Amino acid sequence: MKIVDKILETVLSLLVAVMVLGCVWQVFTRFALNSPSKYTEELLRYLLIWTTMLGVPYAYGKDKHLSINLLTTAFTEKGKFYAQLATRILIIILSITVMIIGGYMVTTNAAGQISPALQLPMEVYYACVPISGILMLVYSADHLIKMATTWKEVQ
């Protein structure tokens, strides 16, 4: 998992760096040249989408995602374990049905469309959804394997 983490860290860092440069360029062209770039707004929009969709599995893999523990604080260790297991299974189901299958359908439906400013195929923009779903599955499998090793301790 360290390899996947490192790749995602690098890609996310590059995406954020390009977003910062694009934002600086947009501000410069708008205020210094009085002629705003027509490409940077669309570029920044889609980079933000990609950053978000790749950041979700990264945060999930690091267990840094937002969670609400209001109900589980009263659970026993065994109850917390089963609640976490149910959550992982639900994430797997949603990743497969919504992100992978649904994302693939949206990506293929976008075939033939091009973005207005950058003139890139829309599949490039929508592909982040199934990719994110696959990464969520990879991280979920890793979490389940770790949970399987601690299952006897909880019993």
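Residues numbered from 1 in each chain as written. Predicted model: local features only at pLDDT ≥ 70, side-chain atom pairs only at ≥ 80, totals over all residues. Heavy atoms only, no water.

**Some thoughts on the environment of Leu-12**
Stage number 1. Relative to the assigned elements, Leu-12 resides in helix α1 (residues 2–32).
Stage number 2. Once residues within four sequence positions are removed from consideration, Leu-12 is found in contact with Thr-51, Leu-54, Gly-55 and Tyr-58. (Helix = DSSP H or I, 4+ residues; strand = E, 2+ residues; numbered from the N terminus. Contact = heavy atoms within 4.5 Å.)

**Structural notes on the pattern of salt bridges**
For side chains bearing opposite charge, pairing can occur when the charged atoms are close.
Stage number 1. The full count for this structure, using the stated rule, is five salt bridges.
Stage number 2. Where Lys-146 meets Asp-142, a salt bridge forms, and the shortest distance between an N and an O atom there is 3.2 Å. A residue pair is termed a helical-turn pair when its members lie 3 or 4 positions apart in one helix, as Lys-146 and Asp-142 do in helix α5 (residues 128–154) at four residues.
Stage number 3. A relative accessible area of 48% means that Lys-146 is categorised as partly exposed.
Stage number 4. Note on Asp-142: relative accessible area 16%, which makes it buried.
Stage number 5. Taken together, the shared-partner salt bridges connect Asp-5, Glu-9 and Lys-62 into one network. (Salt bridge = Lys/Arg side-chain N within 4 Å of Asp/Glu carboxyl O. Buried < 20%, exposed > 50% of the residue type's maximum accessible area, 1.4 Å probe, protein only.)

**Remarks on the environment of Lys-80**
Stage number 1. In this fold, Lys-80 is placed in helix α3 (residues 77–109).
Stage number 2. Under the relative-accessibility criterion, Lys-80 is labelled partly exposed at 33%.
Stage number 3. Residues Lys-80 and Val-4, 76 residues apart in the sequence, show an inter-C-alpha distance of 27 Å.
Stage number 4. Excluding residues within four positions of it along the chain, Lys-80 makes contact with Thr-72, Thr-73 and Phe-75.

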